[in-house]
Amino acid sequence: MSKLPKDIAKLHRQAQALVNLDRPLTHREREFVLDYWQESSTASNSLDGAFFTPPGLAAAFTIETTGPEVQRVLDLCAGIGRLAWSCMNDLAAPGREMVCVERNPLYVEVGRKVLPEARWICADIFDLPSDLGRFDMVISNPPYGFVERSGDGPGVRSRRFEYHALAVAAELAECGVFLIPQESAPFRFSGVPSYREVRSAEYERFERDTGLRLQMSTSVDTSGERDQWRGVAPATELVFCDFGARVPRVASAPAPEPVPVPARTVAPAPVVTEAAPTLF
């Protein structure tokens, strides 16, 4: 366990004690665990890019998950379930389902205690079970940037983890809502005077290679929650992607068919007949 300030370490131990209870937790106890169980209690969290979503940003996801058309939701890189917890109130109707995928087994143990209503799967997003089925929506706050990964998303050549996670999600659902670094989005909305498009060369390549186009999800300025992260303070944007509306890939123009060159015909040299000498 990494070194935590004493007051934070005390709250973390209380949260872990709740996880260890041999009984279901109350609603208030679940919230306590979500608020005070520290991701930095595992030595690998910074290497894995595991930083839990602040509550205010997690609540913003519910704007997209509300609606009768959203029956099955997949939370990729779920952590201990903050996003899933925020969205579960909108998914409490009969027949709706939340599936959480997280590769850290300790996080999964905590998540199952906090959100037993969800189906928890301990797996890498690049090695998912084949029986997941199809989802109406993916929600995710994936690791950011150049963190180590075990595979690649379909068609993605970038080193940025978030682009690979988006491409994986596109194979599983109709649409997705992601919290990603601002530099990876094709626009700037949070922390700036007004919305503007900013398309980096790396984003352009991602869109060209995958056909996936990101757009602003909601009018939520994520910079208002920047000081609520633990251990980091990333500039982020909330993006939406309709996986079924891929940008047509621009194919290179085919090379022109070579024009056959007819065999060269050499005309026979003219026959010159010398005139017979005239006899006088």
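Residues numbered from 1 in each chain as written. Predicted model: local features only at pLDDT ≥ 70, side-chain atom pairs only at ≥ 80, totals over all residues. Heavy atoms only, no water.

Trainee: Help me get a handle on the overall build of the protein chain, residues and values and all.
Mentor: A tally of helices and strands in the protein chain yields nine helices and nine strands. Here the protein chain, with 280 residues, has 49% of them falling under the buried criterion. Within the protein chain, counting contacts between residues at least 6 apart in sequence, those at least 24 apart form 69% of the total. (Helix = DSSP H or I, 4+ residues; strand = E, 2+ residues; numbered from the N terminus. Buried < 20%, exposed > 50% of the residue type's maximum accessible area, 1.4 Å probe, protein only. Contact = heavy atoms within 4.5 Å.)

Trainee: Could you give me a rundown of the packing of aromatic side chains, with the residues and numbers involved?
Mentor: If you walk through the whole model with that rule in mind, you get nine aromatic pairs. Between W37 and F52, the ring centres sit 6.5 Å apart and the planes meet at 25 degrees, which makes this aromatic pair stacked. Of the two residues, W37 is situated in the loop between α2 (27-36) and α3 (45-48) and F52 in the loop between α3 and α4 (55-60); the sequence distance between them amounts to 15 residues. Linked through ring pairs, W37, F52 and Y107 together constitute an aromatic cluster. The ring of F135 carries the charged tip of R72 above its face, separated from the ring centre by 4.1 Å. Over the ring of F146 we find R159, and its NZ or CZ is 4.1 Å from the ring centre. (Phe/Tyr/Trp six-rings, centres within 6.5 Å; stacked < 30°, edge-to-face > 60°. Lys NZ or Arg CZ within 6 Å of the ring centre and 35° of its normal.)

Trainee: Quick one: what's the story with the layout of surface pockets, residue by residue and with numbers?
Mentor: Its boundaries defined by the atoms lining it, the largest pocket holds a volume of some 190 Å³. Residue lining of the largest pocket: L34, D35, E39, F52, T53, P54, P55, I80, R82, Q228 and R230, and that is the complete set. The class makeup of the residues in the lining of the largest pocket is five nonpolar, two polar and four charged. (1 Å grid on protein atoms, 1.4 Å probe; cavity = no way out; pocket = protein on both sides within 12 Å on 5 of 7 lines; lining within 4 Å. Points joined across faces, edges and corners; volume = space filled by probe spheres on them. Nonpolar A, V, L, I, M, F, W, Y, C, P; charged D, E, K, R; others polar.)

Trainee: Before we move on, can you summarise the sheet that holds strand β9 (residues 236-242) with the specific residues and values?
Mentor: Spatially, the seven strands line up as an open sheet ordered β3-β2-β1-β4-β5-β9-β8, and their pairing is mixed. The open sheet terminates on both sides in strands that have one partner only, identified here as β3 (119-122) and β8 (215-216). Contacts between helix α7 (residues 105-114) and the sheet are confined to β2 (97-102) and β3, with β3 contributing the most and set at about 170 degrees to the helix. Relative to the sheet, helix α8 (residues 161-170) contacts β1 (72-76), β4 (135-140) and β5 (173-181), its axis offset from that of β5 by approximately 170 degrees. (Pairing = 2+ DSSP bridges. Axes fitted to C-alpha atoms, helices over the stretch in contact; angles between N-to-C directions.)

Trainee: Any chance you could break down the pairing of β4 for me, citing the residues and the numbers?
Mentor: With respect to burial, β4 is a largely interior element, five of its six residues being buried. Alignment of β1 against β4, held across four bridges, turns out to be parallel. Within β4, the residue paired with L74 across the bridge is V138. Bridging between β4 and β5 involves five bridges; their strand directions are parallel. When the sheet's bridge partners are listed, F135 is paired in β5 with A173.

Trainee: An account of the packing of helix α1 (residues 6-19) against α2 is requested, with residue identities and associated values reported.
Mentor: Two elements in contact, α1 and α2, have axes separated by 9 Å at closest approach and are oriented at 135 degrees. The pairing of α1 with α2 is recorded here as oblique in orientation. Here α1 runs over α2; the crossing is left-handed. Of α2, the residues touching α1 (which contributes L11, H12, Q14, A15, L18 and V19) are E29, F32, V33 and Y36. A breakdown of the residues in the contact of α1 with α2 according to their chemical character gives seven nonpolar, two polar and one charged. (Parallel < 35°, antiparallel > 145°, perpendicular 65-115°, else oblique. Left-handed = near helix turned anticlockwise from the far one by under 90°.)

Trainee: How would you summarise the nonpolar core if you had to cite specific residues and measurements?
Mentor: Generally speaking, soluble globular proteins have nonpolar side chains that are buried together. Counting 40 residues, the largest nonpolar core has V33, W37, F61, M98 and I139 as its most contacted members. Sorting elements by how many residues they give to this core places helix α6 (residues 82-88) first, with five residues. The residues touching I139, leaving out its near neighbours within four places in the chain, are F61, T65, V73, L74, D75, L76, L83, A84, C87, M98 and V177. Of all hydrophobic cores here, the second largest spans 35 residues; its members include V99, F126, L132 and L214. (Core = buried A, V, L, I, M, F, W, Y, C linked by side-chain atoms within 4.5 Å.)

Trainee: Can you tell me about the environment of W229, naming the residues and giving the values?
Mentor: Counting through the fold element by element, W229 comes out in the loop between β8 and β9. According to the relative accessible area criterion, W229 is buried, its value standing at 7%. Measuring from C-alpha to C-alpha, the distance between W229 and T53 comes to 7.0 Å, with 176 residues separating the pair along the chain. Contacts of W229, omitting those with residues within four sequence positions, involve F51, F52, P54, L57, N141, Y144, L179, P234 and T236.

Geometric values such as these leave the question of function open.
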